[in-house]
Structures are given as structure tokens and as C-alpha cells.
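Inside the fold
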Amino acid sequence: MDAYVEAFKRKKKGFKEYDRKNEIDSKKKIKGFISKVLLSVIFFLISIIYTNLNDQNLFLYKQYVLTESLPFTKFKTWYEDLFGEVLPKDEQTKAVFNGKLVYKNIEDYYDGSKLTLDYQTLVSNIQSGIVVFVGEKENYGNTVIVQGSDGTDIWYGNLENVSVKLYDYLDKETVLGQTKDEYLYLVLKKDNAFIKYEEYQN
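Because the structure is a prediction, the values reported are computed rather than measured.

1. Quick word on the pattern of salt bridges
Note that side chains of opposite charge can pair when their charged atoms are close. All told, the structure shown has 3 salt bridges when counted by the stated rule. Its salt-bridge partner being Asp118, residue Lys104 comes within 2.9 Å of it at the nearest N-O pair. With a gap of 14 residues between them, Lys104 in the loop between helix 3 (72-83) and strand 1 (105-109) and Asp118 in the loop between strand 2 (112-116) and strand 3 (122-124) connect regions that are remote in the sequence. When its relative accessible area of 61% is taken as the criterion, Lys104 is described as exposed. Residue Lys196 pairs with Asp108 through a salt bridge whose shortest N-O separation is 2.6 Å. Here Lys196 is found in the loop between strand 11 (193-195) and helix 4 (197-201), whereas its partner Asp108 is found in strand 1, with 88 residues between them in sequence. On the basis of relative accessibility, which here comes to 56%, the residue Asp108 falls in the exposed class.

2. Remarks on the sheet that holds strand 7 (residues 159-160)
The 3 strands are arranged 3-9-7 in an open sheet whose pairing can be described as antiparallel. For this open sheet the edge positions go to strand 3 and strand 7, each flanked by a neighbour on one side alone. As judged from the 2 bridges shared by strand 7 and strand 9 (residues 175-179), these two strands associate in the antiparallel manner. Within strand 9, the position partnered with Leu159 by the bridge is Thr179.

3. Some details on the pairing of strand 9
Residues in a regular strand point their side chains to alternate faces of the sheet. Burial analysis of strand 9 places 4 of its 5 residues in the buried class, which makes it a mostly covered element. As judged from the 3 bridges shared by strand 3 and strand 9, these two strands associate in the antiparallel manner. Bridging across to strand 9, Val123 finds its partner in Gly177.

4. What to know about the packing of aromatic side chains
All chains considered together, the criterion is met by 7 aromatic pairs. Centroid distance Tyr109 to Tyr110: 4.8 Å. Interplanar angle 80°. Geometry classified as edge-to-face. With a centroid separation of 6.3 Å and 65° between ring planes, the pair formed by Tyr110 and Tyr140 is classed as edge-to-face. On the criterion of sequence distance, the pair formed by Tyr110 in the loop between strand 1 and strand 2 and Tyr140 in the loop between strand 4 (129-137) and strand 5 (141-148) is long-range, its members being 30 residues apart. Given a relative accessible area of 56%, Tyr110 falls into the exposed group. Judged by its relative accessible area of 5%, Tyr140 falls in the buried class. Of the aromatic side chains, those joined through ring pairs into one cluster are Tyr109, Tyr110, Tyr140, Trp155 and Tyr185. Note that Lys114 overlies the ring of Tyr183, its terminal NZ or CZ placed 4.5 Å from the centroid. Positioned above the aromatic ring of Phe133, the side-chain terminus of Lys137 is 4.6 Å from the ring centre.

5. Re the nonpolar core
Counting 19 residues, the largest nonpolar core has Leu101, Ile126, Tyr156, Leu176, Leu184 and Leu186 as its most contacted members. Sorting the residues of this core by element identifies strand 5, strand 6 (153-157), strand 10 (183-190) and helix 4 as the ones contributing at least two each. In terms of residues, this core owes the most to one element, strand 10, which gives 3 residues. Excluding anything up to four places from it in sequence, Leu186 contacts Leu101, Gly112, Ser113, Leu115, Ile154, Trp155, Tyr156 and Tyr197. The next biggest cluster of nonpolar side chains, apart from the first, holds 8 residues, and it includes Tyr109, Tyr140, Tyr185 and Val187.

Rules and cut-offs
Residues numbered from 1 in each chain as written. Predicted model: local features only at pLDDT ≥ 70, side-chain atom pairs only at ≥ 80, totals over all residues. Heavy atoms only, no water. Salt bridge = Lys/Arg side-chain N within 4 Å of Asp/Glu carboxyl O. Helix = DSSP H or I, 4+ residues; strand = E, 2+ residues; numbered from the N terminus. Buried < 20%, exposed > 50% of the residue type's maximum accessible area, 1.4 Å probe, protein only. Pairing = 2+ DSSP bridges. Phe/Tyr/Trp six-rings, centres within 6.5 Å; stacked < 30°, edge-to-face > 60°. Lys NZ or Arg CZ within 6 Å of the ring centre and 35° of its normal. Core = buried A, V, L, I, M, F, W, Y, C linked by side-chain atoms within 4.5 Å. Contact = heavy atoms within 4.5 Å.

Below, the structure is given as C-alpha cells:
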């Protein structure tokens, strides 16, 4: 009988230690989350104070923050590491393309390439990422720029019937729109350097 009582006591003690450990872990997580929120608020307030100190600070802020391509994909990865997926993934979505653009001809065009495709070809993005621009670009026409998850800004020019919006997160091979005619203007830029499409594919 004493053996059963001892075993029961040991089991009860084990449950208490397990509960205590879970409670400590929960408190650590809550403290970590509160610390991150406070740091974000402090950073935000410091940014406001800095830009309101004088016109020079405001000018620098506009020049180096608002005109540069922000690393949205890095923010998204950081956010998902902390809080999980922003939106649930649609498991029923099927990929329609293989991620490679099939073209008849390719030639240099300003900072990128001009690809000859079939007339009004559907164009899908070649890398997952976030849409950072939708609109007209000089020499490229109606353009969608996707900041790829690898940090490469990919420009898709001469599009119509665009099916994406600014700040949409796109999985690889999502349809962006279709070419206005038989040409697609493609520009790849990483770390302020332009990359050839053929090199990027390798």
C-alpha cells in the first residue's frame, strides 16, 4: 500500500513541476512579445521626433526611406517567424506555370531584356514576393514590380489586364496579367545592380 501512495505522490509532484514549467514558458513568451511591441513603439516615436526636429532630418528621411525599395519580404519573414502566417494558404490553388518564361527571342532593352512571346501571353511571376509597384514606367509601359523573396526586384513591363495589387504577397507562378502585344520587358535588379535574365535563371 505504501508503494502505491509513494507512486501517487511522485506522479502528483511530476504534474506540479510540469504545470510550473508551462507557466514559466508562457510568462517568458508574454514578456518577449511585450518587449518587442514596446521596442516597436519606441522606434516609431523616435522616428517621429527625429523627422520633426528640423527640415534637414525630414528631407533625409524622405530621400533614404520613402524613395528606396523597402525589404518587404524580410519584414514578412520576420513577422511570420513571430506570429505565423498572415493569411491562411489556399491549399486548393494549383500552379499553372512552371516558373520559366517560354520565349522565342531575347534581346537587351534599356536596363533589362525584351522577350518575344506569343501574342498576349499570360505572364506569371518567376519568384515569390511582394508587389511593390503597379503602374506606368517610362520605356516599359504598364509595369508590375515584385520584390522577390531573395531580395531581387523583378520588373514585368508592357502588361495589361493586371490581376494583382500593390503589397499583395504572391506565391511563385501567380498570374500577373498578360502582355499587351508579343513583347515582355523584364528587368532584374538586386543590390542596385542589374542582372541578366539568363544569369538569374542559372
